[in-house]
Amino acid sequence: SDLGTSYSLSLLHTTTNTRSLSSSDEDNHIAVVGTTIYASDDETLYKSTDGGSSWSTQSEGLSAGYNIKGLTAHGDLLYITANNGSAGEIESLTSGGTSTQKLSAAIYDKIWSVKGKFLVTIAGAIHQYDGATTVGSAIITLPSGQTFTDVCDAGAVVLATATDGRIYSIKDIS
């Protein structure tokens, strides 16, 4: 219960804007792999190795015309989902810049790494992905026109938020 104890919040660190992102479809993403920060803006992937003080363009092997829809860190790799509205792919990227297309079988949207597993969204449904060539059947499917917005590891369960205003609880991710 709330004991009425007051607390205050304070900003730990302030940075100046060194990389402006703009997106035609409002899909900007960020992920941290080790000490490297990646950010995306439609078809462009940016990389910072100095805590965000400077940014460079990072080449990746996405198909031409594909927009980046999701980034996630998994071990020492960056995983990227991208699509053009009618086809999509999942790609991994090493810190040295080597990209490998993992899968190109659906219109992949977002990707997350939780509890040592991958979750990807395809057309308003969350699926488990093995990190290689297999996407499982839908775990949760939203009503038409709705999408998942985020996923987090909440201890005993994985929580997923969606545009329908609900928070979904997923257990037994294994």
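Higher on the page you've got the structure.
Residues numbered from 1 in each chain as written. Predicted model: local features only at pLDDT ≥ 70, side-chain atom pairs only at ≥ 80, totals over all residues. Heavy atoms only, no water.

Draft legend 1. The arrangement of the overall build of the protein in detail. Counting secondary structure elements, the protein contains 0 helices and 15 strands. Across the 174 residues in the protein, those meeting the buried criterion constitute 38%. Across the protein, contacts joining residues at least 24 apart in sequence account for 36% of those joining residues at least 6 apart. Per element, the accessible surface of the protein, about 9,700 Å² overall, is 48% carbon and sulfur. (Helix = DSSP H or I, 4+ residues; strand = E, 2+ residues; numbered from the N terminus. Buried < 20%, exposed > 50% of the residue type's maximum accessible area, 1.4 Å probe, protein only. Contact = heavy atoms within 4.5 Å. Areas by Shrake-Rupley, 256 points an atom, 1.4 Å probe, with all protein chains shown as cover.)

Draft legend 2. Highlighting the packing of aromatic side chains. Using the criterion set out here, one finds 3 aromatic pairs in the structure. Look at Tyr79 and Phe118: their rings are 4.4 Å apart centre to centre, the planes differ by 50°, and that puts the pair in the tilted class. On the criterion of sequence distance, the pair formed by Tyr79 in strand β6 (residues 77-83) and Phe118 in strand β10 (residues 117-122) is long-range, its members being 39 residues apart. The buried category is assigned to Tyr79, whose relative accessible area is 4%. (Phe/Tyr/Trp six-rings, centres within 6.5 Å; stacked < 30°, edge-to-face > 60°.)

Draft legend 3. How the structure looks around the sheet that holds strand β9 (residues 108-114). Sheet architecture is open: 4 strands sit in the order β9-β10-β11-β12, paired in antiparallel fashion. Single-partner strands in this sheet number two, and they are β9 and β12 (135-141). Taking the axes of each pair of neighbouring strands and ignoring which way they run, one obtains an average angle of 30° across the sheet. (Pairing = 2+ DSSP bridges. Axes fitted to C-alpha atoms, helices over the stretch in contact; angles between N-to-C directions.)

Draft legend 4. Region of interest: the sheet that holds strand β5 (residues 67-74). Reading across the sheet, the 4 strands line up as β5-β6-β7-β8 and stay open at both edges, with antiparallel pairing between neighbours. In the strand order of this sheet, the two ends are held by β5 and β8 (99-103), each with one partner. Taking each pair of neighbouring strands and ignoring which way they run, the sheet shows an average axis angle of 25°. Two elements, β6 and strand β7 (residues 88-93), share 6 bridges in a ladder whose sense is antiparallel. Bridging from a neighbouring strand, Leu78 pairs with Leu93 of β7.

Draft legend 5. Up close: the nonpolar core. Grouped together as the largest cluster of nonpolar side chains are 13 residues, with contacts concentrated most on Leu119, Ile126, Phe148, Val151, Ala160 and Tyr168. Within the residue set of this core, elements represented by two or more residues are β9, β13 (148-153), β14 (158-162) and β15 (167-170). Broken down by element, this core gets its largest block of residues, 3 residues, from β14. Excluding residues that lie within four positions of it along the chain, Phe148 makes contacts with Lys110, Trp112, Thr121, Gly124, Ala125, Ile126, Ile140, Leu142, Ala160, Thr161, Ala162 and Tyr168. Judged by nonpolar contacts, the second largest core, of 12 residues, contains Ile68, Leu71, Leu78 and Ile80. (Core = buried A, V, L, I, M, F, W, Y, C linked by side-chain atoms within 4.5 Å.)

Draft legend 6. Quick peek at the environment of Thr98. Secondary-structure assignment places Thr98 in the loop between β7 and β8. Put simply, Thr98 and Gly61 are 37 residues apart on the chain and 8.5 Å apart in space, counted from C-alpha to C-alpha.

Draft legend 7. Structural view of the pairing of β12. Sheet analysis places strand β11 (residues 125-129) next to β12, joined by 4 bridges and oriented antiparallel. Looking at the pairing, Tyr129 lines up with Val135 of β12. What sits between β11 and β12 in their antiparallel hairpin is a turn of 5 residues, with Gly131 showing a positive phi close to 85°.

Draft legend 8. Molecular detail of the environment of Cys152. Secondary-structure assignment places Cys152 in strand β13. A relative accessible area of 38% means that Cys152 is categorised as partly exposed. In the structure, Cys152 is positioned 39 residues away from Ser113 in sequence and 8.7 Å away in space, judged by C-alpha atoms.

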